[in-house]
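So the chains spell out like this:
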Amino acid sequence: MIHIHEEAARCLLCEDAPCTKACKTGDVARAIRAIRFGNVKYALHFVENCTETDLQQAEAACIHYDRPIRIREMLSAVCMDAVNISNAKPSLAISFCGIPCENPFFLASSAVCTNYEMVARAFDAGWAGVFYKTICKQDICEVSPRFDAVKNDTRFAGFRNMEQLSENPYEVDFDILRRLKQDYPTKVVVASIMGQFEEEWSELAQMAEAAGCDAVELNFSCPQMRLAGMGSDVGQNPELVTFYTAYVKRSVKIPVIAKMTPNITQINSPAMGAYFAGAEAISAINTIKSVTMSHEAEVSGKQTLSGYSGRAVKPVAQRYILELAKNPIMKNVQLSGIGGIETWRDSLEYIQLGCRNVQVCTAVMEYGYRIIDDLILGLQNYMAEHGMEQLDDLVGSELKNFVLPSDLDRNTIVYPKIDRERCIGCGRCYRSCSDGGHQAITFDPGTRQPRIVGTKCVGCHLCRLVCPTGAISLTKRINKKEKK
């Protein structure tokens, strides 16, 4: 049986998709995107009127470096679980720092929002707001190439960039922000700024306010500034964070948001500095300092430390969000989550950890603004399925489930269970358990069947994680047997 997620991942997500153009009765490319970005249950909605001939024509039109996507086989495999998109459309509206937002999805301050035309297209597509690319008064001269990626097949597992701040003159950027707010009054426009000393921070913030921006974000976290005393140099110094935040707060009336660096052991120290200085919100995280060794990414034969983002950083980013959300001293601060957000489920996780909006960069760079369709679709239908009418009900809903390691239940166990119908006999579970686990699985070469040895199994679930077909699942939690 075809693995629908693997097949959808093979799709090149073509511009002006030939498969959809060849299919006159549905949007095949949109159906594949629904599978790719976490909305598999709703994929058939986009091809519900398609005939076998329509899908055959779409498959014939597929362009690929390898072989065409098996569109008919993939879509038929989701038929059993497919449901119609709910007619109920819960509102995704939420406030952030007192600012009404039509949904929680924002563009992160980065290459995805560097001019008026780009942001306008994102707003038209459905994004609720923008943290515009960081504005400064220094001359920015970028390197080439400036990007690199760690790939999983054709997809970015992680993304490294050496890009700095906006290359536009600061007066041009503030005019862009003024026009954006004028032309899109219901969208949220946040100016991200970075000064080199207190007067610059103050002046840039005042210009943002004069341009009509809804809020200002203080970039204390860029990991690749070429000038000392800027970017993450500031974010690692709680005293400077406090000082600059307080200076800006005295200069403007609009909300002030401090953007934190992950390149620090304790994120709460600078974050509390910003909070005590009056910041209404914290953005976290900026990119993680990293190294990749690709010769293609060298600049005249040289390499440097630079920022890492994308799917690989999400667990690290969520660790910092959790620490901020669990800090009782900052219980009134609002959070904006950044890091590895690609699907609506990623967004949901950040919201459940206490974020009131999420910022997206790398996924937009890889797939374009169009991912907003599935971000909205998935989150709305999740709320509808769970009987939720407002997004506020999800904010911080999972925080109660996070405890200290010492508070975890260590007296019970959950054994894995093998589904014989889904098991293909590859033996991956046996090999991993044998060499990296507790030698609790046997494997019969004749029948190619693994078997879990209950007396040896400790319930670590390495086997479940390495199984390529999802044939290993959870059983009911039970008490551990007493040791003799």
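Structure: see above.
Note that the coordinates shown come from a computational prediction; the quantities given were computed from them, not determined experimentally.

Novice: Looking at this structure, how should I read the overall build of the chain?
Specialist: Counting its secondary structure elements, the chain contains 17 helices and 20 strands. Relative to the 2.2 N^0.38 estimate, which gives 23 Å for 484 residues, the radius of gyration of the chain is 25 Å and therefore close to what a compact globule would have. If one aligns the C-alpha atoms of the chain with their principal axes, the spans along those axes are about 75 × 65 × 55 Å. Taken across its 484 residues, the chain has 53% of its residues classed as buried. At a minimum sequence separation of 6, the contacts of the chain that also span at least 24 residues come to 72%.

Novice: Which parts of the structure should I look at to understand empty space enclosed by the protein?
Specialist: Where empty space is left becomes clear once a probe the size of a water molecule has been rolled over the atoms. Counted by the stated rule, this structure contains five cavities of 30 Å³ or more. Considering only enclosed or pocket space, the largest cavity measures out at about 470 Å³ in volume. Lining the largest cavity are 38 residues, with S109, S110, N286, T287 and C361 sitting closest to its centre. Mapped by element, the contributors of at least two residues to the lining of the largest cavity are β4 (129–135), β6 (155–161), β12 (306–309), β14 (355–360) and α14 (362–367). With four residues, α14 is the largest single contributor of residues to the lining of the largest cavity. Looking at the lining of the largest cavity residue by residue, the class counts come to 17 nonpolar, 15 polar and six charged. As for the second largest cavity, its lining consists of 13 residues, of which C11, C14, C19, C62 and I63 are closest to the centre. For the lining of the second largest cavity, the secondary-structure elements that each account for two or more residues are α2 (18–22) and α3 (28–36). For the lining of the second largest cavity, the class distribution of residues is 13 nonpolar, no polar and no charged.

Novice: Teacher, can you tell me more about the packing of α3 against helix α15 (residues 372–385) here?
Specialist: The description of two packed helices rests on the angle between their axes and on the distance between the axes. Running from amino to carboxyl end, α3 crosses α15 at an angle of 60°, the nearest separation of the two axes being 10 Å. In this view, α3 runs oblique relative to α15, as classed from their interaxial angle. For the pair α3 and α15, the crossing hand works out as right-handed. Side by side, α3 and α15 meet where R30, R33 and A34 of the first sit next to D373, D374 and L377 of the second.

Novice: Looking at this structure, how should I read the sheet that holds β12?
Specialist: Hydrogen bonds along the backbone pair up the strands of a sheet, which may run parallel or antiparallel. A sheet is described by the order of its strands in space; here four strands give the open sequence β5-β6-β12-β11, paired in antiparallel fashion. Across the chains shown, the open sheet's two edge strands, defined by having one partner strand only, are β5 (147–152) and β11 (288–290). Strand-to-strand twist across the sheet, computed as the mean angle between neighbouring axes with direction ignored, equals 35°. With six bridges joining them, β5 and β6 adopt antiparallel strand pairing. The residue bridging A149 from the neighbouring strand is F159, located in β6.

Novice: Looking at this model, I keep getting lost on a nonpolar patch on the surface. Mind explaining?
Specialist: Together, V291, M293 and L305 make up an exposed nonpolar region whose accessible area comes to about 340 Å². For V291, the location among the structural elements is in the loop between β11 and β12. Looking at V291, the relative accessible area reads 52%, which means it is exposed.

Novice: I tried to follow helix α6 (residues 116–125) on my own but got confused; where do I start?
Specialist: For an α-helix, the turn length of 3.6 residues means that residues three or four places apart are oriented alike. Every buried residue belonging to α6 is among Y116, M118, V119, A120, A122 and F123, and all of these are buried. Lining the buried residues of α6 we find β3 (105–107), β4, α7 (170–183) and β7 (188–193). Phi turns positive, to about 130°, at G126, one or two residues after α6.

Novice: Looking at this model, I keep getting lost on the layout of surface pockets. Mind explaining?
Specialist: Volume-wise, the largest pocket comes out at about 650 Å³. As for the largest pocket, its lining consists of 28 residues, and the residues nearest its centre are H5, E6, A9, R36 and R155. For the lining of the largest pocket, the secondary structure elements donating two or more residues are α1 (4–10), α3, α13 (344–352) and α15. With five residues, the single largest contributor to the lining of the largest pocket is α1.

Novice: For this particular structure, what's the right way to read the packing of aromatic side chains?
Specialist: Each aromatic ring pair is characterised by the separation of its centres together with the angle its planes make. Counted under the stated rule, the structure contains 12 aromatic pairs. Judged by centre distance (5.6 Å) and plane angle (55°), the rings of F106 and F131 are tilted. Taken together, the residues span a long stretch of sequence, with F106 in strand β3 and F131 in strand β4 at a distance of 25 residues. Exposure class is identical for F106 and F131. Each is buried. On the basis of an interplanar angle of 55° and a centroid distance of 5.2 Å, the ring pair of W201 and F220 is categorised as tilted. Separated by 19 residues along the polypeptide, W201 in helix α8 (residues 198–210) and F220 in the loop between β8 (215–219) and α9 (232–235) bring together distant segments of the chain.

What counts and what doesn't
- Residues numbered from 1 in each chain as written.
- Predicted model: local features only at pLDDT ≥ 70, side-chain atom pairs only at ≥ 80, totals over all residues.
- Heavy atoms only, no water.
- Helix = DSSP H or I, 4+ residues; strand = E, 2+ residues; numbered from the N terminus.
- Rg over C-alpha atoms; globule rule 2.2 N^0.38 Å.
- Buried < 20%, exposed > 50% of the residue type's maximum accessible area, 1.4 Å probe, protein only.
- Contact = heavy atoms within 4.5 Å.
- 1 Å grid on protein atoms, 1.4 Å probe; cavity = no way out; pocket = protein on both sides within 12 Å on 5 of 7 lines; lining within 4 Å.
- Points joined across faces, edges and corners; volume = space filled by probe spheres on them.
- Nonpolar A, V, L, I, M, F, W, Y, C, P; charged D, E, K, R; others polar.
- Axes fitted to C-alpha atoms, helices over the stretch in contact; angles between N-to-C directions.
- Parallel < 35°, antiparallel > 145°, perpendicular 65-115°, else oblique.
- Left-handed = near helix turned anticlockwise from the far one by under 90°.
- Pairing = 2+ DSSP bridges.
- Patch = residues over 30% accessible without salt bridge, like charges linked within 9 Å, V, L, I, M, F, W, Y side chains within 5 Å.
- Areas by Shrake-Rupley, 256 points an atom, 1.4 Å probe, with all protein chains shown as cover.
- Salt bridge = Lys/Arg side-chain N within 4 Å of Asp/Glu carboxyl O.
- Phe/Tyr/Trp six-rings, centres within 6.5 Å; stacked < 30°, edge-to-face > 60°.

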